[in-house]
Amino acid sequence: MISVPSNGIHLRVTDTGGEGRPVVLIHGWPLSAASWENQASVLMQAGHRVVAYDRRGFGASDKPETGYDYDTLAADLDGLLTELDLRDVTLVGFSMGGGEVVRYLSTYGADRVRSAVLAAAVPPYLLKTDDNPDGGLGEDDVQAFVDGITGDREAFLDGFVTDFFSVDGELQVSEEERQKALELTRPATTESLVGCVDAFARTDFRPDLAAITVPTLVVHGDGDATVPFEVSGKRSAEAIDGAELVVVEGAPHGFNVSHAAELNAALGDFMAR
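One structure accompanies this document, and this report is about it. Remember, predicted model here, so these are calculated numbers, not experimental data.

Parameters at a glance
Residues numbered from 1 in each chain as written. Predicted model: local features only at pLDDT ≥ 70, side-chain atom pairs only at ≥ 80, totals over all residues. Heavy atoms only, no water. Salt bridge = Lys/Arg side-chain N within 4 Å of Asp/Glu carboxyl O. Helix = DSSP H or I, 4+ residues; strand = E, 2+ residues; numbered from the N terminus. Buried < 20%, exposed > 50% of the residue type's maximum accessible area, 1.4 Å probe, protein only. Polar contact = N/O pair within 3.5 Å; in protein donor to acceptor, adjacent residues only side chain to side chain. Contact = heavy atoms within 4.5 Å. Pairing = 2+ DSSP bridges. Axes fitted to C-alpha atoms, helices over the stretch in contact; angles between N-to-C directions. Phe/Tyr/Trp six-rings, centres within 6.5 Å; stacked < 30°, edge-to-face > 60°. Expected span 1.5 Å × (residues − 1). Arc of directions from axis to C-beta.

Moving on, we get to the pattern of salt bridges. All chains considered together, the criterion is met by 20 salt bridges. Between arginine 103 and aspartate 208 there is a salt bridge whose closest N-O contact spans 2.9 Å. Placement of the pair is arginine 103 in helix α3 (residues 97–108) and aspartate 208 in helix α8 (residues 206–210), with a sequence separation of 105 residues. Accessibility classification places arginine 103 together with aspartate 208 in one group, the buried group. Among the ionic pairs, aspartate 204 bridges to arginine 206, the shortest N-O distance being 2.8 Å.

A few words now on the side chain of serine 115. Looking at the element boundaries, serine 115 is found in strand β6 (residues 113–119). For serine 115, the side chain forms a polar contact with the side chain of threonine 90, separated by 2.7 Å. Beyond its immediate chain neighbours, meaning those up to four positions away, serine 115 contacts Val89, Thr90, Leu91, Val214, Pro215 and Phe270.

Moving on: the sheet that holds strand β9 (residues 216–221). Here we have eight strands laid out as an open sheet, ordered β1-β2-β4-β3-β5-β6-β9-β10, and mixed in their pairing. Since the sheet does not close on itself, it has two edges, and those belong to β1 (2–6) and β10 (244–248), each with one partner. Neighbour-to-neighbour, the strand axes of this sheet turn through a mean angle of 25°, independent of strand direction. The pairing of strand β5 (residues 89–94) with β6 spans six bridges and is classified as parallel. Counterpart to threonine 90 in the pairing with β6 is serine 115.

Further remarks concern the packing of aromatic side chains. Inspection of the entire model under this criterion finds 13 aromatic pairs. For the pair phenylalanine 164 and phenylalanine 165, a centre-to-centre distance of 5.0 Å together with 80° between the ring planes defines the contact as edge-to-face. Comparing phenylalanine 164 with phenylalanine 165, the two get one shared label, buried.

One turn of the α-helix equals 3.6 residues, which is why residues spaced by three or four share an orientation. If you check helix α5 (residues 153–164), its first and last C-alpha atoms are 16 Å apart, about what twelve residues at 1.5 Å a residue would give, namely 16 Å. Among all positions in α5, only Leu157, Phe160, Val161 and Phe164 are buried. One face of α5 carries all of its buried residues, which in axial projection span an arc of 95°. As for α5, its buried residues are in contact with β5, α4 (139–150), β7 (166–167), α6 (175–185) and α7 (190–202).

In structure tokens:
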């Protein structure tokens with residue numbers, strides 16, 4: 001575990017080291033890098049240098065009161081890649097983390113990046129607007145997130161994590177796994193939770209997707225009720241030139257746990273090229 005100075009803060013980073021081609025794992029809301037445990041070990045066994053970090057405000061990273069917009073979060077990622085001097089990298093963003101991947105590529109370019117993976121990711125644009133009628137969240141939905149976080153946070157996150165791993169109301173993981181994920185939410189601050197909701201709900205990534213030039217894998221569960229495939233993965237795959245799409249049948253949002261074997265197979269095949 002190391003700390004990487006970025007934008008005046010420190011990010012908690014895990015790095016397996018070694019000479020393998022690096023992969024950087026960027027976690028979803030409201031979790032931490034520990035949520036990648038089912039992927040990190042498999043990628044390491046395949047010979048990759050595996051780097052994962054807790055987003056600012058989450059896990060063991062610093063928790064400033066501000067800085068939860070995607071420009072700042074992408075700058076954090078740039079700081080990490082620069083500090084560790086990572087090159088020929090595959091960036092893998094899960095859910096909210098997909099936003100960092102596409103904003104990084106559109107802002108900083110692909111000099112350090114070999115390829116990208118968007119896993120159950122929030123792009124291209126979740127908020128329903130006049131020019132984005134196919135978005136998945138209305139203003140009332142966004143406010144419900146904020147009210148839940150600032151009201152009975154524990155009950156709200158308990159329900160969110162249940163939905164995270166459910167398809168048609170049926171939990172797809174063990175209660176032990178659900179509780180493990182719920183525990184990962186506890187270090188997050190109210191400021192980071194609310195700030196990131198505003199970021200992933202309201203950021204329009206459509207221009208970012210159009211700027212992507214590296215090989216890109218979009219992988220999504222067709223049972224995802226948190227970030228539905230039709231709202232996000234399908235549209236992102238259509239918007240990125242040459243993107244490869246893998247749809248995991250019967251998988252919820254948290255398919256990195258419930259359908260880890262299927263996700264790992266898709267990652268392994270893509271990264272072996």
